[in-house]
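Chains, contacts and geometry: an overview
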Amino acid sequence: MPLKDAVEHTAQKLPIRMLTTSRLKHARLRQTILRTVAALALACTAAACARLAAIDSNALWKIVDVRCVPSQQATGTPGQCTVVNLDKRYAILKDIVGRSQHLLIPTDRVTGIESPFILAPNAPDYWDDAWTSRLYVEKSVKQTLPDNQLGLEINSQFRRSQNQLHIHIDCMQDKISDALARHAKDTPGEWHWDTLDGQRYRIMRVTSLTQADNPFRIVARDNPNSQAMAMQTVLVTGAGPSAKQDGWLIVNSGLDIDNGSGTAEGLLDHACRVADGG
């Protein structure tokens, strides 16, 4: 008997129950696979930002440029972002890390602290806008905090995971606020060296965050090119409870400094324990 006929003959003699059982097993397997895929899809949706940021250094830019800005332009709502300010060219995004941390992200393509764009004559006042946006931190913890317990921070090119400029906005570590209190009355415009959390920083009190007192411009005075700026980290916090009266402290370190740092993010507290009284 030819092979084809033999196969067909054998199949015809298989018990109907056996065929039915086989089909049921196949159907159940297919349903199990579909349920698994659906569950994974749901999990990926919940962790989308975290996974995207971990594997894609342009994740923040894609969120702002693809989701937030088009939504603001089309519907007047910021999409995934907390707010999009089209006139001032920035978005505020709640970070997935911490209870209160937010990020200021330009709506222009700006890689980071090393970009010449931040020093251009018409560059937006990102630090001033980020300081105004500290209110979103306070909304997250449902209380108003003294300005010296709130901070802004940007990492160096070599201590960041994202290649779109972003300024962290969050609470300060209480012990760092206490350590910085000794600079509350420093003469504005002068650098003073100090050790914070075991690493060297220089600190300058300023009375504004714009124009000549823009932290980017101040740090760039003795870091005059992109390569030097790429190694810098900058933190800004209130010099006292009211920055309007007390001024701000610019805290700067770099990978080119002996016992320096390329990130001041550790001086912030993403758990915002100061809001809980500790």
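Look up: the structure comes first, before these words.
With the rule as written, the count across this model stands at two disulfides. At a sulfur-sulfur separation of 2.1 Å, the disulfide partner of Cys 68 is Cys 81. Where Cys 68 bonds to Cys 81 through sulfur, the torsion about that S-S bond is close to 85°, and the disulfide is right-handed. Note that Cys 68 is positioned in helix H4 (residues 59–75) and Cys 81 in the loop between H4 and strand E1 (83–85), a separation of 13 residues in sequence. Side by side, Cys 68 and Cys 81 carry an identical accessibility label, which is buried. A sulfur-sulfur separation of 1.9 Å characterises the disulfide bridge that pairs Cys 171 with Cys 272. Taking the sign of the S-S torsion, -60° for the link of Cys 171 and Cys 272, the bridge is left-handed. In this pair, Cys 171 sits in strand E5 (residues 167–172) while Cys 272 sits in the segment after strand E10 (268–269), placing the two residues 101 residues apart along the sequence. Looking at Cys 171, the relative accessible area reads 0%, which means it is buried. Judged by its relative accessible area of 0%, Cys 272 is buried. With its bonded cysteines labelled in order along the sequence, the chain shows the pairing 1-2, 3-4.

What follows is about the side chain of Asp 269. With respect to the secondary-structure elements, Asp 269 resides in strand E10. What makes Asp 269 buried here is its relative accessible area of 6%. In this view, Asp 269 contacts Asp 170, Cys 171, Met 172, Gln 173 and Val 274; residues no more than four positions away in its chain are not counted.

The next point concerns the pairing of strand E2 (residues 90–94). Within E2, four of the five residues are buried, which leaves it mostly tucked inside the rest of the structure. As judged from the three bridges shared by E1 and E2, these two strands associate in the antiparallel manner. The residue of E2 that forms the bridge with Val 84 is Ala 91. Between E1 and E2, which pair antiparallel in sequence order, lie four residues; one of them, Arg 89, sits at a positive phi of approximately 65°. Relative to strand E3 (residues 102–106), E2 runs antiparallel, the two being bridged by five bridges. If you follow Ala 91 over to E3, its bridge partner there is Ile 105.

Moving on: empty space enclosed by the protein. Over the atoms, a rolling probe the size of a water molecule traces out where space has been left empty. With the rule as written, the count across this model stands at one cavity of 30 Å³ or more. When its volume is computed, the largest cavity comes out at roughly 50 Å³. Thr 111, Gly 112, Ile 113, Ile 154, Asn 155, Arg 160, Gln 162, Gln 164, Leu 165 and His 166 are the residues that line the largest cavity. The class makeup of the residues in the lining of the largest cavity is three nonpolar, six polar and one charged.

It is worth spelling out the pattern of salt bridges at this point. Summed over the entire model, instances satisfying the criterion amount to 10 salt bridges. Between Lys 88 and Asp 129 there is a salt bridge, with its nearest N and O atoms 3.5 Å apart. One end of the pair, Lys 88, is in the loop between E1 and E2; the other, Asp 129, is in helix H5 (residues 126–132), with 41 residues separating them in the sequence. We classify Lys 88 as partly exposed; its relative accessible area is 44%. Here Asp 147 ties to Arg 134 by a salt bridge, and the two come within 3.2 Å at their closest N and O atoms. Of the two residues, Asp 147 is situated in the loop between helix H6 (135–141) and strand E4 (150–154) and Arg 134 in the loop between H5 and H6; the sequence distance between them amounts to 13 residues. Overall, Asp 147 belongs to the buried group, its relative accessible area being 8%.

Here we come to the nonpolar core. One finds Leu 104, Trp 127, Leu 152, Ile 167, Phe 216, Val 234 and Val 236 to be the most contacted residues of the largest nonpolar core, which totals 37 residues. Here Leu 152 is in contact with Trp 127, Ala 130, Trp 131, Ile 167, His 168, Ile 169, Val 234, Leu 235 and Val 236, once residues within four sequence places are set aside. One finds Met 172, Ala 179, Leu 235 and Ala 264 within the second-largest nonpolar core, a separate group that totals 14 residues.

On to the pairing of strand E9 (residues 248–254). Side-chain positions along a regular strand alternate between the two faces of the sheet. Most of E9 is tucked away, with seven of its seven residues classed as buried. On E9, burial covers both faces: Trp 248, Ile 250, Asn 252 and Gly 254 on one face and Leu 249, Val 251 and Ser 253 on the other are all buried. The pairing of strand E7 (residues 199–206) with E9 spans five bridges and is antiparallel. By the bridge assignment, Ile 203 is partnered in E9 with Val 251. The pairing of strand E8 (residues 232–238) with E9 spans seven bridges and is antiparallel. Opposite Thr 237, over in E9, you have Leu 249 as the bridge partner.

What counts, and at which threshold
Residue numbers restart at each chain and count upward from 1, following the sequence in its written direction. Local features in a predicted model are, by the rule used here, given only for residues with pLDDT of at least 70; side-chain atom pairs are given and counted only at 80 or more, and totals for whole chains, interfaces and linings are based on all residues. Water and hydrogen atoms play no part in the side-chain values, which are based on all heavy atoms of the structure. Note on terminology: pairs of cysteine sulfur atoms within 2.5 Å are recorded as disulfides. Labels follow the DSSP assignment, with helices taken as runs of H or I lasting at least four residues and strands as runs of E lasting at least two, numbered in each case from the N terminus. Under the scheme applied here, a residue whose accessible area is under 20% of the maximum for its type counts as buried, over 50% as exposed, and between as partly exposed, the area being computed with a 1.4 Å probe on protein chains only. Residue contacts are counted whenever heavy atoms from the two residues lie within 4.5 Å of one another. Whether two strands pair comes down to DSSP finding at least two bridges between them. For cavity detection a 1 Å grid was placed over the protein atoms alone, and a set of points counts as a cavity when a 1.4 Å probe fits there but cannot get out; an open set counts as a pocket when protein lies on both sides within 12 Å along at least five of seven lines, with lining residues being those that have an atom within 4 Å of a point. Grid points are joined across faces, edges and corners, and a volume is the space filled by probe spheres set on the points. As a working rule, the residues Ala, Val, Leu, Ile, Met, Phe, Trp, Tyr, Cys and Pro are called nonpolar, Asp, Glu, Lys and Arg charged, and the rest polar, with Gly in that last group. Throughout this description, the term salt bridge denotes a Lys or Arg side-chain nitrogen within 4 Å of a carboxyl oxygen of Asp or Glu. We define a nonpolar core as any set of buried Ala, Val, Leu, Ile, Met, Phe, Trp, Tyr and Cys residues linked to one another through side-chain atoms lying within 4.5 Å.

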